[in-house]
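Below are the chains, spelled out letter by letter.
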Amino acid sequence: MWQAKFLAEDPLYLECNISQCQKKVGNLCIERTCNASITFRLVNIRTNITFVLFTGGFDTPCILKTLDPIRFNSPAAPLYGHLSCNDSTGTTMKLTWVSGDSRKNSAVITFNKSDLCVNNSGPAASFGWHDPGFIHSALLTGLLPSSTYTYKYGSDLVGWSIYTNFATPPAPARSATVRFIAYGDMGKAERDGSIEDYIQPGSLQVIDAVTAEVLAGNVDAVFHIGDISYATGFIAEWEFFLEMIHPDASEVPYLTAIGNHERDFPDSGSFYTTRDSGGECGVPYETHFQMPIQGKDMPWCSIELGPVHFTIMSTEHNWTLGSDQYIFSSNGTVGDSFKIVK
Ligand SMILES: [Fe+2]
C-alpha cells in the first residue's frame, strides 16, 4: 500500500529557494542542496509507515532515501465505528469497528489471504495485502425507533472511542416518514491530496455534503448501493474509506450493497468475470459492512424503514431463474412490487 506526493507541491523546492551550499571552490558554490517540505495526513492502519523519497516518476522509480519506519501511538486503538440495521424494527442496530485487539469481548472476526479469491492471483493476496486487524461488532438491542443514543466502543486494554450520538431509524409504518440518501460508486480520496492506486476525488465533496445533512439531523439512513471504497485489492484502503465515512456512518445507519469493484474476479463465483475486485471477492466488504444478508457470499436482503420497503440485491451474483437470488425474490421477502422476471 502506498500514498505519494510530488515535490512539485512545494514550489520552494523547484526554485531551490531554501538552499544550502555543500561545496565551494573559491567564492563559487559548485554543490548546492535544496530543502523541500511535504505534509501527509496519515490514517491509523496499525502497521508502521515508511517514507521513501524517489526520483524517476512512477514508471522508472529510483530510491534516493528511505527513512526509518514510524509507528502509530496507539496501533491497536478502536477505530472507524459505523452502524447498520440488523432488522426492520428500528429497535436493533449493529455497530462495527476495527482494532488491533483480538480478544473476544465483542463479536470479533478477521480475514487472511486464503479467505480471498481462491486463485489468489489479484493484488489483494500479494502486493495489495494488508493485515485487516480485528473487526468487532456489537448488537445494540432494546432501542426505541426514531430516538437518539450516545455510545462509545473499545476496551480498557486498547482504549475507548470518543462518545458519539446515533439515531435509530423509524419503525415500519405506513404513516411514518423516512429520510434517506442513496448513492453508489463513491470511492475515496485523501484530504491531503495524496495519490493512491485508485482515487475518486469527487468522493470528498459527496461525503462532505452527506455529512452536512446528517449533522443537521435531516437523514435517517444512508444507502451506498455498490462500488464502495474502490480498494480493488489494496486492503488498507478499506480503512481509508472507513475513516472518510466515519462522521456519517457513526451517527446513522450506513447501509450497503455489493458492486463489481467489491466482488468480481474470474473463476470465483461472481456473475461477471472481470478482475474488478482486485482479488478481494467480496471478503473485505462483507467483513466491514455487516448487513442482514442471507449468508456468506449471499449479499442480498430486505429491510423496511418507516413506510419504505428496501430490497438490496447483488448484480454481481447469479440472479437468473432458479438461482438463490431468484428464489429470494419469489418468496415474498422483497415485497409485493418487485420480482425478477428474466
Ligand atoms: Fe462503479
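Remember, it's a predicted structure, so these values are computed and weren't measured experimentally. (Residues numbered from 1 in each chain as written. Predicted model: local features only at pLDDT ≥ 70, side-chain atom pairs only at ≥ 80, totals over all residues.)

### Regarding the overall build of the chain
Right, on to step 1. Secondary structure summary: the chain contains six helices and 17 strands in total.
Right, on to step 2. Projected onto its principal axes, the C-alpha coordinates of the chain cover approximately 90 × 45 × 35 Å.
Right, on to step 3. Restricting the contact set of the chain to residue pairs at least 6 apart, pairs at least 24 apart contribute 65%. (Helix = DSSP H or I, 4+ residues; strand = E, 2+ residues; numbered from the N terminus. Contact = placed C-beta atoms within 7 Å.)

### Structural notes on the environment of Thr-66
Right, on to step 1. Here Thr-66 lies in strand 4 (residues 62-66).
Right, on to step 2. Separated by 237 residues in sequence, Thr-66 and Ile-303 have C-alpha atoms that sit 51 Å apart.
Right, on to step 3. Not counting residues within four places of it along the chain, the set of residues in contact with Thr-66 comprises Thr-50 and Val-52.

### Some details on the domain arrangement of the chain
Interface size is commonly expressed as the accessible area that is lost once the parts come together.
Right, on to step 1. According to the domain assignment, the chain consists of domain 1 (7-66) and domain 2 (79-330).
Right, on to step 2. Each of domain 1 and domain 2 was reduced to a C-alpha centroid, and the two centroids are 39 Å apart.
Right, on to step 3. Taken residue by residue, the interface counts eight residues in domain 1 and 13 residues in domain 2.
Right, on to step 4. Of the residues contributing to the side of domain 1 that touches domain 2, the split by class is three nonpolar, three polar and two charged. (Domains from an automatic or database assignment. Nonpolar A, V, L, I, M, F, W, Y, C, P; charged D, E, K, R; others polar.)

### Looking at the nonpolar core
Right, on to step 1. Ranked by internal contacts, the top residues of the largest apolar core, which has 55 residues, are Leu-83, Val-222, Phe-241, Ile-245, Val-252 and Ile-312.
Right, on to step 2. Sequence-distant contacts of Val-252, that is, excluding residues within four places in its chain, are made with Leu-83, Phe-166, Ala-167, Val-214, Val-219, Asp-220, Ala-221 and Val-222. (Core = buried A, V, L, I, M, F, W, Y, C linked by C-beta atoms within 7 Å. Buried ≥ 20, exposed ≤ 12 C-beta atoms within 10 Å, placed from the backbone.)

### Some remarks on the sheet that holds strand 6 (residues 93-99)
Right, on to step 1. One open sheet holds the four strands; their spatial order is 5-6-8-7, and the pairing between them is antiparallel. Of all the strands in the sheet, just strand 5 (79-85) and strand 7 (107-109) have a single pairing partner and so form its edges. Looking at each pair of strands side by side, their axes are set apart by 25° on average, direction ignored.
Right, on to step 2. Pairing of strand 5 with strand 6 involves five bridges; the strand directions are antiparallel. (Pairing = 2+ DSSP bridges. Axes fitted to C-alpha atoms, helices over the stretch in contact; angles between N-to-C directions.)

### Things to note about the pairing of strand 14 (residues 221-225)
Right, on to step 1. As paired elements, strand 13 (residues 180-183) and strand 14 share four bridges and run parallel to each other. In the sheet register, Phe-180 faces strand 14, and the bridge partner there is Ala-221.
Right, on to step 2. Taken together, strand 13, helix 2 (residues 202-215) and strand 14 constitute a β-α-β crossover, and its handedness is right-handed.
Right, on to step 3. With four bridges connecting them, strand 14 and strand 15 (residues 254-257) associate as parallel partners. When the bridges of strand 15 are listed, His-224 appears paired with Thr-256.
Right, on to step 4. Each parallel crossover has a hand, and the one from strand 14 via helix 3 (residues 237-249) to strand 15 is right-handed. (Right-handed = clockwise from strand over helix to strand, strands pointing away.)

### Concerning unusual backbone geometry
Right, on to step 1. Even without a glycine there, the phi angle at Cys-16 is positive, about 55°.
Right, on to step 2. Among the secondary structure elements, Cys-16 is positioned in the loop between helix 1 (11-14) and strand 1 (19-25).
Right, on to step 3. On the basis of neighbour counts, which here come to 13 C-beta atoms within 10 Å, the residue Cys-16 falls in the partly exposed class.

### Quick notes on the environment of Ala-138
Right, on to step 1. You can see Ala-138 is positioned in strand 8 (residues 134-140).
Right, on to step 2. Exposure remark for Ala-138: the 16 C-beta atoms within 10 Å place this residue in the partly exposed category.
Right, on to step 3. Taking C-alpha positions, Ala-138 is 21 Å from Phe-223, a pair spaced 85 residues apart along the chain.
Right, on to step 4. Sequence-distant contacts of Ala-138, defined by excluding residues within four places in its chain, comprise Leu-95, Ser-106 and Tyr-153.

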